[in-house]
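Coordinates in review
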Amino acid sequence: MYRRRVLALCGLAITGAGCQGETADTETVTPVPSPAASESDTGPPPAVTITHSVVMPGVVVPGTDSITVQSADGQYLVLTATVEGSGVDRAAFSLRFDGSTYSPETFRNGLYRDGEWGRQFTEAGGPLVFDLPETGTASDAQLSWPGGEWMPPEPVKNRLEAPLPSFDVTLTGPERVTEPAMPTLEITVTNTGDTPGRYVLALNRTGPRIAYTPVGRFDGKLAPGETERITRDGKSPYVDETGPREVTYHLRASEDHNDATHRIKPVDAETATES
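Residues numbered from 1 in each chain as written. Predicted model: local features only at pLDDT ≥ 70, side-chain atom pairs only at ≥ 80, totals over all residues. Heavy atoms only, no water.

What about the packing of aromatic side chains?
- On inspection of all chains with the given rule, the structure shows 5 aromatic pairs.
- Summarising the aromatic geometry, the rings of tyrosine 112 and tryptophan 117 are spaced 5.7 Å apart at their centres and angled 90° between planes, so their arrangement reads as edge-to-face.
- On the accessibility criterion, tyrosine 112 (9% relative accessible area) is buried.
- An aromatic cluster is built from Phe93, Phe121 and Trp145, whose rings are joined through pairwise contacts. (Phe/Tyr/Trp six-rings, centres within 6.5 Å; stacked < 30°, edge-to-face > 60°. Buried < 20%, exposed > 50% of the residue type's maximum accessible area, 1.4 Å probe, protein only.)

Structure (structure tokens):
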């Protein structure tokens, strides 16, 4: 859980109703200008702005037909950058933290955000994700790129230095429904730790008449002892004229939290396959 990734300065560089964005503890900055141009320079350096910054235990990533939570070895610092000008490759970014230098993480299928499948960093900017130790001194924390640098705001530094909290996560809803009733799901998240922190969840559905499909990405920040309830319209097990089918929801959380599964059956189904 506390594995460190110490890389070179020029290394390699992510989720419906009720969803919350990764917008807490944000700061917009003006990039530091590059040194005076030389005869070999082809133009001014790109202008990079960090629009969002947040510390999370995991990020939501897409698979073939579903989404899941990719947990950090320690904690993720998730930044959103915009780039204006000639562009800058994500390999040019590096982060200093607790005396070591880290490069952005690479996710094969990108990130899942607000229904966007496979978001990646491009020449115009995008997400930068750094896998950092769970705790450490953030006094030297700094993002650097050719011609500029950015210092995390104090709330982000404080979060990087504090231990990650634990969360209790449950998924509830009706176990059986009648036609044409539409079920409602409820996700309950409680911060059971001693420090404030952010949770991240991914919800998928199987059935009726579908093998697997994403439902939504959820994240939010909770104080110690605080509880949040998220409601979501469910899918009826009654479809077309093919008869009732079971519907199963699969909730995925970051490592050490609680995954959950909830199955909804039609009331007129005497038996159903249990798995």
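So that's the structure; there's more coming.
Looking at the environment of proline 44
- One can find proline 44 in the segment before strand S1 (47-62).
- Taking relative accessible area as the criterion, proline 44 reaches 68% and is therefore assigned exposed. (Helix = DSSP H or I, 4+ residues; strand = E, 2+ residues; numbered from the N terminus.)

Examining the nonpolar core
- Of all hydrophobic cores here, the largest spans 24 residues; its most connected members are Val48, Leu77, Leu79, Phe93, Phe130, Leu132 and Leu143.
- Elements represented by at least two residues in this core include exactly S1, strand S2 (67-84), strand S3 (94-97), strand S7 (125-132), strand S8 (142-145) and helix H1 (154-161).
- At 4 residues, the largest contribution of residues to this core is made by S2.
- Setting aside chain neighbours within four positions, we find leucine 77 in contact with Val54, Val55, Leu95, Leu128, Val129, Phe130, Leu132 and Val156.
- Core analysis: the second largest hydrophobic core is formed by 21 residues, Phe167, Leu222, Tyr238 and Val247 among them. (Core = buried A, V, L, I, M, F, W, Y, C linked by side-chain atoms within 4.5 Å. Contact = heavy atoms within 4.5 Å.)

Brief notes about unusual backbone geometry
- Between glutamate 179 and proline 180 the backbone carries a cis peptide bond, its omega angle lying at 10°.
- Note that proline 180 resides in the loop between strand S11 (176-177) and strand S12 (184-191).
- Positive phi, close to 55°, is recorded for aspartate 98, a residue that is not glycine.
- For aspartate 98, a relative accessible area of 23% corresponds to the partly exposed category.

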